[in-house]
Amino acid sequence: MRQTLTEIYEARVAEGVLRPDPAQHAVLPLLEEIRLWLEANPARRAGGLRGLFAKAPPPPPKGLYLWGGVGRGKSMMMDLFIEATGITAKRRVHFHAFMQEIHRELHEARKKGIEDTILPVAERIAREVRLLAFDEMQIKDITDAMLVGRLFQKLFEGGVVIVTTSNRPPEDLYKNGLNRQLFLPFIAMLRERLTVHEIVSANDYRQNRLAGAQVYFHPAASAQGQIEAIWTDLTGGAPGEVLRIPVNGRETEIPRFANGIGRATFWDLCDRPLGPGDYLAMAEACRVLIIEDVPRLSSSNFNQAKRFVTLIDALYEAKVRVICSAAESPEKLYVEGEGAFEFERTASRLREMQGADWGADRDADRAAEA
């Protein structure tokens with residue numbers, strides 16, 4: 001017999017996979033209502049003559065705008081919902097990555113001389129999905145602020161159901177932004193088309209899970225299972241997707257990203273010609289970054305070692321939580337050759353970043369800035 005979301009959640013609590021949380025539990029009926037409608041109406045009315053005589057499906061229910069502080073389990077709840085919803089026309093994507101995708105499509109449409117570039121993009125999405133789930137909606141750029149209103153309007157008109165998470169309520173999106181008055185109709189649209197629900201919990205699960213836990217593993221070859229377990233725990237088992245981040249007119253990327261957690265190998269991050277701007281953008285995007293397979297450093301990989309130093313500096317200054325697997329302990333990673341002396345500061349920072357409370361004040365600082 002098919003399980004409800006509540007039953008799935010409670011089974012995972014019983015298995016020890018999840019920790020019981022009343023705030024999370026309260027979200028499940030809202031998601032279950034959306035799930036039931038989607039499964040009862042998995043496809044749009046057929047076109048042509050057959051479509052003329054087909055009974056039109058009922059209007060879709062309101063979507064969900066789930067917001068609250070970081071580490072409260074918003075992304076995990078959304079992923080549980082996506083996984084359990086038995087339709088194929090669904091997509092889960094990080095909001096930042098989605099907007100980059102939209103900008104690329106709009107650019108291609110302009111090159112073709114299409115006057116109303118949003119229309120074909122929205123129509124393409126509406127053809128492909130009934131359910132569109134965004135993680136971490138935030139609007140910081142005036143270009144995005146002017147774009148999302150009409151895009152979402154077309155998606156809603158196309159019958160797309162939207163579920164999204166955010167760290168802030170709709171009224172705080174694009175707060176104090178340029179020409180913000182032009183953005184206000186979009187906020188009203190969100191309130192009208194989505195159920196806005198705050199997940200109120202005293203628990204920051206990401207920070208609590210890492211507090212006092214081992215976060216630096218060596219040798220790397222023996223740490224694969226532990227790293228995988230940390231990833232599964234922090235992301236709720238999400239596979240992760242490539243996160244592409246705009247940097248000075250180009251893109252840099254993190255190979256795997258889910259629930260605010262980035263994951264990459266040393267070579268992904270340090271074997272490419274990346275600089276401080278790239279690493280600062282990564283630090284801005286991630287609350288936790290897993291770096292795997294850091295090798296012994298020496299003159300033979302001097303350029304990669306320099307980039308690793310720059311990366312750790314960026315993560316340190318941004319107070320990002322770092323999970324690392326490496327060939328040696330921090331003090332023994334770089335013991336000889338040019339750059340070994342300068343690496344002592346990096347080793348010291350890697351040690352400091354292993355502290356139980358490292359990064360605990362990052363989100364408080366961000367909240368104050370907002």
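The notes below deal with the structure included here. The shown structure was predicted, so the numbers you read here are calculated from the model rather than taken from an experiment.

A short note on the packing of aromatic side chains
Then comes step 1: Within this structure, the stated rule accounts for 11 aromatic pairs.
Then comes step 2: Ring plane angle 75 degrees and centroid distance 6.2 Å describe the contact between Phe 152 and Phe 156, whose orientation is recorded as edge-to-face. Placement of both Phe 152 and Phe 156 in helix H7 (residues 142–157) is noted, with a separation of 4 residues, approximately one turn of the helix.
Then comes step 3: We classify Phe 152 as buried; its relative accessible area is 0%.
Then comes step 4: Under the relative-accessibility criterion, Phe 156 is labelled buried at 6%.
Then comes step 5: Judged by centre distance (5.5 Å) and plane angle (50 degrees), the ring pair of Tyr 334 and Phe 343 falls under tilted.
Then comes step 6: Residue Tyr 334 is classed as buried on the basis of its relative accessible area, which comes to 5%.
Then comes step 7: What makes Phe 343 buried here is its relative accessible area of 2%.
Then comes step 8: Aromatic ring contacts, followed pair by pair, group Phe 95, Phe 98, Phe 134, Phe 152, Phe 156, Tyr 174, Phe 183 and Phe 186 into a single cluster.

A look at the pattern of salt bridges
Then comes step 1: If you walk through the whole model with that rule in mind, you get 26 salt bridges.
Then comes step 2: Among the ionic pairs, Asp 116 bridges to Arg 150, the shortest N-O distance being 2.6 Å. Taken together, the positions of Asp 116 in the loop between helix H5 (95–111) and helix H6 (118–128) and Arg 150 in helix H7 put the pair 34 residues apart, joining distant regions of the chain.
Then comes step 3: With a relative accessible area of 29%, Asp 116 lands in the partly exposed category.
Then comes step 4: Here Glu 157 and Lys 154 are joined by a salt bridge, their closest N and O atoms 3.6 Å apart. You can see Glu 157 and its partner Lys 154 sitting in helix H7, 3 residues apart, about one turn around the helix.

Quick notes on the side chain of Arg 321
Then comes step 1: Residue placement: Arg 321 occurs in strand S11 (residues 321–326).
Then comes step 2: Within polar-contact distance, the side chain of Arg 321 engages the backbone oxygen of Gly 355 at 3.2 Å.

Focus on the environment of Ser 329
Then comes step 1: Structurally, the position occupied by Ser 329 is in the loop between S11 and helix H14 (343–352).
Then comes step 2: Spatially, the C-alpha atoms of Ser 329 and Pro 219 are 8.1 Å apart, while their sequence positions differ by 110 residues.
Then comes step 3: The contacts of Ser 329, once residues within four sequence positions are left out, are Tyr 216, His 218 and Arg 351.

Re the sheet that holds strand S10 (residues 288–294)
Then comes step 1: If you trace the 6 strands from one edge of the open sheet to the other, you get S6-S11-S10-S9-S8-S7, paired in mixed fashion. Because the sheet does not close on itself, it has two edges, and the strands there are strand S6 (216–217) and strand S7 (241–247).
Then comes step 2: In terms of strand pairing, strand S8 (residues 250–258) meets strand S9 (residues 261–265) through 3 bridges, oriented antiparallel. Each residue of the ladder has a partner; that of Phe 257, found in S9, is Gly 262.
Then comes step 3: Packing against the sheet, helix H10 (residues 224–235) makes contact with S6, S8, S9, S10 and S11, and its axis sits at approximately 155 degrees to S9.

So, the packing of helix H12 (residues 276–285) against helix H13 (residues 302–317)
Then comes step 1: Where H12 contacts H13, the two axes come as close as 9 Å, and the packing angle between them is 40 degrees. What the angle tells us is that H12 and H13 run oblique. H12 and H13 meet at a crossing whose hand is right-handed. Contact residues: Pro 276, Tyr 279, Leu 280 and Ala 283 in H12; Arg 307, Thr 310, Leu 311, Ala 314 and Leu 315 in H13.

Here's the deal with the sheet that holds strand S3 (residues 131–135)
Then comes step 1: Within the open sheet, the 5 strands sit side by side as S2-S3-S4-S1-S5. Their pairing is parallel. In this open sheet, the two strands that pair with only one neighbour each are strand S2 (90–94) and strand S5 (194–198). Ignoring which end each strand starts from, the neighbouring axes of this sheet average 10 degrees apart.
Then comes step 2: Strand contacts of helix H4 (residues 74–84): strand S1 (63–67), S2, S3 and strand S4 (161–166), with the helix running at about 160 degrees to S3, the strand carrying the most contacts.
Then comes step 3: On top of the sheet, H7 reaches S3, S4 and S5; it is set at about 140 degrees to S4, its chief contact.

A short note on H7
Then comes step 1: Taking 1.5 Å per residue as the helical rise, H7 with its 16 residues ought to reach 22 Å, and the 24 Å between its terminal C-alpha atoms agrees with that figure.
Then comes step 2: Approximately 30 degrees is the largest bend angle found in H7, and it occurs at Val 148.
Then comes step 3: Taken residue by residue, H7 has Asp 144, Ala 145, Leu 147, Val 148, Gly 149, Leu 151, Phe 152, Leu 155 and Phe 156 as its buried positions.
Then comes step 4: Elements in contact with the buried residues of H7: H5, H6, S3, S4, helix H8 (184–193) and S5.
Then comes step 5: With a side-chain oxygen positioned 2.7 Å from the backbone nitrogen of Thr 143, the residue opening H7 is Asp 141.
Then comes step 6: Phi turns positive, to about 85 degrees, at Gly 159, one or two residues after H7.

Digging into the pairing of S11
Then comes step 1: When you tally the buried positions in S11, you get 6 out of 6 residues, the bulk of the element.
Then comes step 2: Where burial is concerned, the two faces of S11 agree: the one with Arg 321, Ile 323 and Ser 325 and the one with Val 322, Cys 324 and Ala 326 are both buried.
Then comes step 3: In the sheet, S6 pairs with S11 via 2 bridges, with the strands oriented parallel. Bridge assignment links Tyr 216 to a residue of S11, and that residue is Cys 324.
Then comes step 4: Inspection of the sheet shows S10 paired to S11 by 5 bridges, in the parallel sense.

Thresholds, definitions, all that
Residues numbered from 1 in each chain as written. Predicted model: local features only at pLDDT ≥ 70, side-chain atom pairs only at ≥ 80, totals over all residues. Heavy atoms only, no water. Phe/Tyr/Trp six-rings, centres within 6.5 Å; stacked < 30°, edge-to-face > 60°. Helix = DSSP H or I, 4+ residues; strand = E, 2+ residues; numbered from the N terminus. Buried < 20%, exposed > 50% of the residue type's maximum accessible area, 1.4 Å probe, protein only. Salt bridge = Lys/Arg side-chain N within 4 Å of Asp/Glu carboxyl O. Polar contact = N/O pair within 3.5 Å; in protein donor to acceptor, adjacent residues only side chain to side chain. Contact = heavy atoms within 4.5 Å. Pairing = 2+ DSSP bridges. Axes fitted to C-alpha atoms, helices over the stretch in contact; angles between N-to-C directions. Parallel < 35°, antiparallel > 145°, perpendicular 65-115°, else oblique. Left-handed = near helix turned anticlockwise from the far one by under 90°. Expected span 1.5 Å × (residues − 1). Bend = angle between axes of the 7 residues up to and from the residue.

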